[in-house]
Amino acid sequence: MSLQGKMIICLLDDEFEDLELWYPVYRVREEGAKVLFAGPEKNRTHIGKYGVPATADLSFDEVDGSQIDGLLVPGGWAPDKLRRYPQVLQLVKEMDAAGKPIGQICHAGWVLISAKILQGRNVTSTPGIRDDMENAGATWIDAPVVVDGHIISSRRPPDLPPYAKAFVDALKNQ
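Analysis parameters
Residues numbered from 1 in each chain as written. Predicted model: local features only at pLDDT ≥ 70, side-chain atom pairs only at ≥ 80, totals over all residues. Heavy atoms only, no water. Phe/Tyr/Trp six-rings, centres within 6.5 Å; stacked < 30°, edge-to-face > 60°. Helix = DSSP H or I, 4+ residues; strand = E, 2+ residues; numbered from the N terminus. Buried < 20%, exposed > 50% of the residue type's maximum accessible area, 1.4 Å probe, protein only. Lys NZ or Arg CZ within 6 Å of the ring centre and 35° of its normal. 1 Å grid on protein atoms, 1.4 Å probe; cavity = no way out; pocket = protein on both sides within 12 Å on 5 of 7 lines; lining within 4 Å. Points joined across faces, edges and corners; volume = space filled by probe spheres on them. Nonpolar A, V, L, I, M, F, W, Y, C, P; charged D, E, K, R; others polar. Core = buried A, V, L, I, M, F, W, Y, C linked by side-chain atoms within 4.5 Å. Contact = heavy atoms within 4.5 Å.

Draft legend 1. Local environment of the packing of aromatic side chains. Across all of its chains, the model carries three aromatic pairs by this definition. With a centroid separation of 5.2 Å and an interplanar angle of 70°, the aromatic rings of W22 and F37 are classed as edge-to-face. Taken together, the residues span a long stretch of sequence, with W22 in helix α1 (residues 18–30) and F37 in strand β2 (residues 34–39) at a distance of 15 residues. For the pair shown, W22 and F37 are each scored as buried. Seen from their ring centres, F60 and Y85 are 4.9 Å apart, and the 55° between their planes marks the pair as tilted. Of this pair, F60 sits in the loop between β5 (58–59) and β6 (70–73) while Y85 sits in the loop between α2 (78–82) and α3 (86–98); the two residues are 25 residues apart in sequence, bridging distant segments of the chain. What makes F60 buried here is its relative accessible area of 6%. Exposure remark for Y85: the relative accessible area of 25% places this residue in the partly exposed category. Ring pairing ties together the aromatic residues W22, Y26 and F37, which thus form one cluster. Of note, R83 hangs over the ring of W110, and the distance from its end group to the ring centre comes to 4.9 Å.

In structure tokens, the structure reads:
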């Protein structure tokens, strides 16, 4: 229960990658943190790419970055939707400015690109968006997990164990 008292927000929209959402959420909850889902509408259920549902506890408008300790951005096709919400981009910028852990995996890098926080950072992602990450000013590294300060990035579902561990470790060291 090393994360007792910590509050984490996991961003949510349709067609998230099921494992990339649920694995880190369960891992952080196992350590005692509270994880809430934030989506476009409170209480709206979103379905993952493989049919697993998740329901928004809060709307994006209800999230106060000063009240949370970390942010999880799952992959799948949801990031292409998430990056279109000004509230999401503002939250990512606030978390970055405060140096709070931001976990992103696979296509989730699109959200950080749109928030314009990757200049000069070391990251990884699915190889499919490598060019996008590099064009945003990041150095892309082909590794299961890359930690650059408070930004924890990962490539794909097989990398979930080291990704979740690195995110938990970042929260512990905060």
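Draft legend 2. Focus on empty space enclosed by the protein. Applying the stated criterion across every chain yields a total of one cavity of 30 Å³ or more. What the largest cavity holds in volume is close to 30 Å³. Forming the boundary of the largest cavity are C10, E20, L21, P24, L72, V73, P74, G103, I105 and Y163. Broken down by secondary-structure element, the contributors of at least two residues to the lining of the largest cavity are α1, β6 and β7 (102–105). Top contributing element to the lining of the largest cavity by residue count: α1, with three residues. When grouped by side-chain class, the residues that make up the lining of the largest cavity number eight nonpolar, one polar and one charged.

Draft legend 3. Representation of the nonpolar core in the model. Of all hydrophobic cores here, the largest spans 58 residues; its most connected members are I9, L11, V28, L71 and V92. Here this core takes seven residues from helix α6 (residues 160–172), the largest share from any one element. The contact partners of I9, leaving out residues within four places of it in the chain, are L36, A38, L58, V63, I68, G70, L71 and L72.

Draft legend 4. Structural context of the side chain of D69. In this structure, D69 sits in the loop between β5 and β6. When near neighbours in sequence (up to four residues on either side) are disregarded, D69 contacts G5, K6, M7, I8, M95, K100, P101, L171 and Q174.

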